[in-house]
Amino acid sequence: MGYFDFEKIFCGSTLQTAVDLLGCTLVKETEEGTAAGRIVETEAYTGPEDRAAHSYGGKRTKRTEIMFRAPGHVYTFEMHTHCLVNVVTEPEGRPEAVLIRALEPVEGIELMRARRKRQKDTELTNGPGKLTKALGITMNDYGGHFSEKPLYIVPGENPAEISSGPRIGIENTGEARDYLYRFWETRNRFVSR
DNA sequence: TGTTTGATGGGCT
DNA sequence: GCCCATCAAACAA
């Protein structure tokens, strides 16, 4: 079993990486056990030129620092008491990332149910804050790399059919609001909406 | 030190 | 579909 090929995203575009990540598997190992899900929904955040990105204008803060590092690093951040997880893309110095928005549960479903309480199975991982809770991803994962345990990505077959649309929850970002930077597997029932 | 603001989720209508 | 809890990061002062 190998890890996702982060070399190929050195020279690719973040939009292409967002598409390439669909169908790959996100795995988190904890003391409680291993939980994993197939990535079925992503969003691209293309750095300095993208008003919706945390790194818009090249803004470099404690939070966005990791986005300037090499591809494959783990960018987690908190908002509204939830933890969201991103894959850093592009070479050192170019702060772009892909947000993982939804998974289709593959392994450790009982563990996910326990972490998510009385939720229907389709509600376990169909949102960026939900999937981090189901897999046990926290701010402790910030700065790690997706080719190392305990949080990593393994390659998978890309979906046969992919849809795209505007990103979610970025109403106040001018023209960036309309960019079609959200990608998902067509008709997959685990996408967020 | 104080104030503002979300890349959300869950509950209620 | 609408409302809002809740808190760290960011930023102003």
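See the structure above.
Residues numbered from 1 in each chain as written. Chains lettered and ligands numbered in written order. Predicted model: local features only at pLDDT ≥ 70, side-chain atom pairs only at ≥ 80, totals over all residues. Heavy atoms only, no water.

## Overview of the protein's contact with DNA strand C
Logical step 1: By nearness alone, every residue bordering DNA strand C is listed as Lys59, Thr61, Lys62, Arg63, Glu78, His80 and Thr81.
Logical step 2: Counting only atoms of DNA strand C within 4 Å of the protein, the sugar-phosphate share comes to 73%.
Logical step 3: With respect to DNA strand C, the side chain of Lys59 contributes an N or O atom lying 3.4 Å from a phosphate oxygen.
Logical step 4: Between Thr61 and DNA strand C, the recorded distance is 2.4 Å, taken from a side-chain N or O atom to a phosphate oxygen.
Logical step 5: When grouped by side-chain class, the residues that make up the surface near DNA strand C number no nonpolar, 3 polar and 4 charged. (Near = heavy atom within 4 Å. Polar contact = N/O pair within 3.5 Å; in protein donor to acceptor, adjacent residues only side chain to side chain. Nonpolar A, V, L, I, M, F, W, Y, C, P; charged D, E, K, R; others polar.)

## What about helix α2 (residues 109-116)?
Logical step 1: Among all positions in α2, only Leu111, Met112, Arg115 and Arg116 are buried. Considered in projection along α2, the buried side chains sweep an arc of 125° and stay on one side of the axis.
Logical step 2: On its buried face, α2 sits against β1 (25-30), β2 (33-45), β5 (96-107) and α3 (128-135). (Buried < 20%, exposed > 50% of the residue type's maximum accessible area, 1.4 Å probe, protein only. Helix = DSSP H or I, 4+ residues; strand = E, 2+ residues; numbered from the N terminus. Arc of directions from axis to C-beta. Contact = heavy atoms within 4.5 Å.)

## Focus on the side chain of Thr132
Logical step 1: With respect to the element layout, Thr132 can be found in helix α3.
Logical step 2: Overall, Thr132 belongs to the buried group, its relative accessible area being 2%.
Logical step 3: Within the local environment of Thr132, its side chain forms a polar contact with the backbone oxygen of Gly129, the two atoms lying 2.9 Å apart.
Logical step 4: If we ignore the near neighbours within four places in the chain, the residues touching Thr132 are Cys83, Leu84, Val85 and Ile137.

## Observations concerning the protein's contact with DNA strand B
Logical step 1: Taken together, 19 residues form the shell around DNA strand B, and within it Asn86, Arg116, Gly129, Lys130 and Gly169 come nearest.
Logical step 2: Put simply, 53% of the atoms of DNA strand B that lie within 4 Å of the protein are in sugar or phosphate.
Logical step 3: His82 places a side-chain nitrogen or oxygen 3.2 Å from a sugar or linking oxygen of DNA strand B.
Logical step 4: Gly129 places a polar main-chain atom, nitrogen or oxygen, 2.6 Å from a phosphate oxygen of DNA strand B.

Taken by themselves, the reported measurements are silent on function.
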